[in-house]
Amino acid sequence: MSVMLETKNLGISFGGLKAVDGLSLSIEKGQLYGLIGPNGAGKTTAFNLLTGVYKPTMGNFFLDGEKLTGMSTIEINKKGVARTFQNIRLFKQMSVLDNVKVGLHNNFEYTAAEGIFRLPRHAKVEKQMNEKAIELLDVFGLAGEKDRLSSNLPYGKQRKLEIARALATSPKLLLLDEPAAGMNPQETQELMDTIRFVRDHFDMTILLIEHDMKLVAGICEEVTVLNFGTVLAQGETSSVLQNPEVVKAYLGD
Amino acid sequence: MKTLNTMNKTSKNNFITYGIVLAIFIFCAVYIETDMATFLFKGLMVPICVNVILAVSLNLTVGILGELSLGHAGFMCVGAFAGSFFSMMTQETLTSVWIRFPLAFIIGGLSAAFIGLLVGIPVLRLRGDYLAIVTLAFCEIIKNIMNNLYIAKDINGLHFAIGVGAYNEIEFDAASKQVLINGAMGITGTPNDSNYFWGFALIFITLIVILNLVNSRTGRAIMSIRDNRIAAESVGINITKHKLIAFVISAFFAGVAGVLYSHNLSSVIATKFDYNYSILVLVFVVLGGIGSMRGSVIAAIILTALPEFLRDIGNLSDYRMLIYAILLIAMMLINNNDYLHQMTQGVLGKFRLGKKSKKNEQEGVS
Ligand SMILES: Nc1ncnc2c1ncn2[C@@H]1O[C@H](COP(=O)(O)OP(=O)(O)OP(=O)(O)O)[C@@H](O)[C@H]1O
Ligand SMILES: [Mg+2]
């Protein structure tokens, strides 16, 4: 097994606040990995570091052996990291289908001029993009809603659409920021099946942030627990979740 | 099969827009060619076409890209002067209007696009609403430069000067001197090539280019930036590149509109392309519906024609501006009231991509 994501002593401080401080972890190819911790622990900030939204003030991270530290969000996505957001960020005025097609942007090629003058490659590539987008939407049971405005979807489906859009960039590593937030237990159960399916079907490596411990215990093979930006515990999920330090951090004293 | 349906839905919408423009064109052609049209009606044709092209092209920046531009008249100004200059220089050598005029459009459009690129490159890389301020200033600067630009030719070639002082110092060969651009007096003697035929042809070209762009891979990338820049970056969309594409194409067609405008008048002065003109075009875009090209066409036609026709209606002429203002308010209410909007949507058959939502980009990303 090879390592897909490795972070070495990764960190960032905002002014005096060390939001992430010395995060080191290693995720195997094809692994489902959890990043957990109380509110404000620095989980989302870690995602922002891994996607180039923030530049780390210390440490490095590597994807599939390649150092990505310092690259822009766009470059990092092209290298193979895609994400979803804790506060859903869809293209609200665009259809469900078009949201996924924006995700497919860099995997298909025709120029602006070919689009404007409707040259042959436009129709050909658009057809391929539509087929690919519908295939992805199908995984999340959204193909039937492809023409709806994305902002008109119910909350749970918006979260799924964000995952579909991220997958459309054909990443090596998928980062999910609280994918089950706002879902009821039944939706969460379905989501767990979908995440497993995505991992198996697309051969994906997945790192996810989640507060729902049932989900984490159910699908994550390993977890890292963050607390005040530092690693509190790390390792195989069930043993970490029983760690008294972790329980204490979650109870908040 | 389902795929076909979506494609048909957008293309159907676009064809309705083309159909409306074609119907208006046929009506005008019949009306004018059968000599039923009044002098006023005929005189309004080119200004209406100019404003339609301006509105549709500005809507690409405002509605599709989601950036506010307050300098559309500045790009129009560049196009007008570049196009007129070209036509005056080549009037004797290129006698065929069918060659000279299209070339003037291309030159006017490309000049405006080039200036658009120069303005856009530094500004569109910044995050935040700087474009409005910069385009506003740019429009004033262009106006002032053109207001003080002198170009004349004599046997020794072309002479350029900025400011009347510098101009007076040039020693001309008096016999062969010909003034092309005369400072605040503008440019006089552009061949009057514009007519409604060229105007409608250009409206079609503008609509086809912009609607095709919007419904393409590039167009989706542009709209994704408008809807959520951070998410667009996260899926690898090159923000600056796509902003520039939209802004430069928008400037190109403003330049084309400028050429159409300047070839309709015996003389063109720079002060016409001021802030007020830019705002007028923005009013067409907002009232027609941000993001709706069809709305821009309709709003530009109505709001250009109406004040002129009201002037003509006997005792109503005293209330001309009042009626105009009431109409503006009514259109605004219709556009911003969901209930009224739904009612009129059926009647006018307008489509809109939806209202532009307030940007809510927080400092942090979560
Ligand atoms: N851009 C920023 N500037 C200043 N402080 C920031 C910034 N982004 C995050 N922080 C701070 O970093 C800390 C970690 O925030 P982060 O959003 O990563 O927490 P989290 O673990 O995702 O929490 P939650 O579970 O509530 O989503 C917080 O104290 C937050 O206020
Ligand atoms: Mg968070």
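1. Remarks on the site of ligand 1
All names here are of chain A. Lining the immediate surroundings of ligand 1 are 14 residues, of which Lys43, Thr44, Thr45, Gln86 and His211 lie closest. A distance of 2.8 Å separates an oxygen atom of ligand 1 from a polar atom in the side chain of Lys43. One of the side-chain N or O atoms of Tyr54 is found 3.0 Å from a nitrogen atom in ligand 1. If you list the elements that add at least two residues to the shell around ligand 1, you get strand 2 (17-28) and helix 1 (43-50). If you tally residues by element for the shell around ligand 1, the top one is helix 1, at 3 residues. Of the residues in the shell around ligand 1, the class split is 5 nonpolar, 7 polar and 2 charged.

2. Description of the coordination of the magnesium ion (ligand 2)
The protein atoms that coordinate the magnesium ion (ligand 2) are A:Thr44 (OG1) and A:Gln86 (OE1), at distances spanning 1.9 to 2.1 Å. With A:Thr44 in helix 1 and A:Gln86 in the loop between strand 6 (81-83) and helix 3 (96-103), this pair connects stretches of sequence that are 42 residues apart.

3. Observations regarding the pairing of strand 10 (residues 230-236) of chain A
Residues and elements named next belong to chain A. Here 6 bridges tie strand 9 (residues 222-227) to strand 10, and the two strands are oriented antiparallel to one another. Pairing of Glu222 across the sheet is with Glu236, part of strand 10. Between the antiparallel neighbours strand 9 and strand 10 lie 2 residues, among them Phe228 with a positive phi of about 50°.

4. Re the domain arrangement of chain A
Residues and elements named next belong to chain A. Here the domain parsing of chain A yields domain 1 (3-80 + 171-251) and domain 2 (92-157). Each of domain 1 and domain 2 has a C-alpha centre, and these two points are 28 Å apart. Taken together, the contact between domain 1 and domain 2 spans 9 residues of the former and 6 residues of the latter. Roughly 560 Å² of surface becomes buried between domain 1 and domain 2 when both sides are summed, with 75% attributable to carbon and sulfur atoms. Between domain 1 and domain 2 we count 0 residue pairs in polar contact (both at pLDDT 80 or more) in total. Ranked by the residues each element gives to the side of domain 1 that touches domain 2, the list is headed by helix 7 (residues 185-202), at 5 residues. Residues belonging to the side of domain 1 that touches domain 2 are distributed by class as follows: 5 nonpolar, 2 polar and 2 charged.

Rules used in this analysis
Each chain has its residues counted from 1, running along the sequence as written. In the order they appear in the text, chains get letters beginning with A and ligands get numbers beginning with 1. Only residues with pLDDT of at least 70 get local features here, since the model is predicted, and only at 80 or more are side-chain atom pairs given and counted; chain-wide, interface and lining totals rely on the full set of residues. Side-chain numbers here rest on the full set of heavy atoms in the structure, without hydrogens or water. Residues are labelled near a given molecule or strand when at least one of their non-hydrogen atoms is within 4 Å of it. Think of a polar contact as two N or O atoms within 3.5 Å of one another; within protein, one of them needs to be a possible hydrogen donor and the other a possible acceptor, and neighboring residues in sequence only count if both atoms come from side chains. Numbered from the N terminus, helices here are DSSP runs of H or I no shorter than four residues, and strands are runs of E no shorter than two. We call Asp, Glu, Lys and Arg charged. Ala, Val, Leu, Ile, Met, Phe, Trp, Tyr, Cys and Pro are nonpolar, and the rest, Gly among them, are polar. Shown as donors are all N, O and S atoms within 2.8 Å of a metal ion, widened to 3.2 Å for Na, K and Ca; because water is not in the atom set, sites may appear incomplete. Any two strands between which DSSP finds at least two bridges are classified as paired. Domains are outlined according to an automatic or database domain assignment. Whether two residues touch is decided by their heavy atoms; if any such pair falls within 4.5 Å, the residues are in contact. The quantity reported as buried area is the accessible area (1.4 Å probe) lost by two parts once they are put together, taken as the sum for both.

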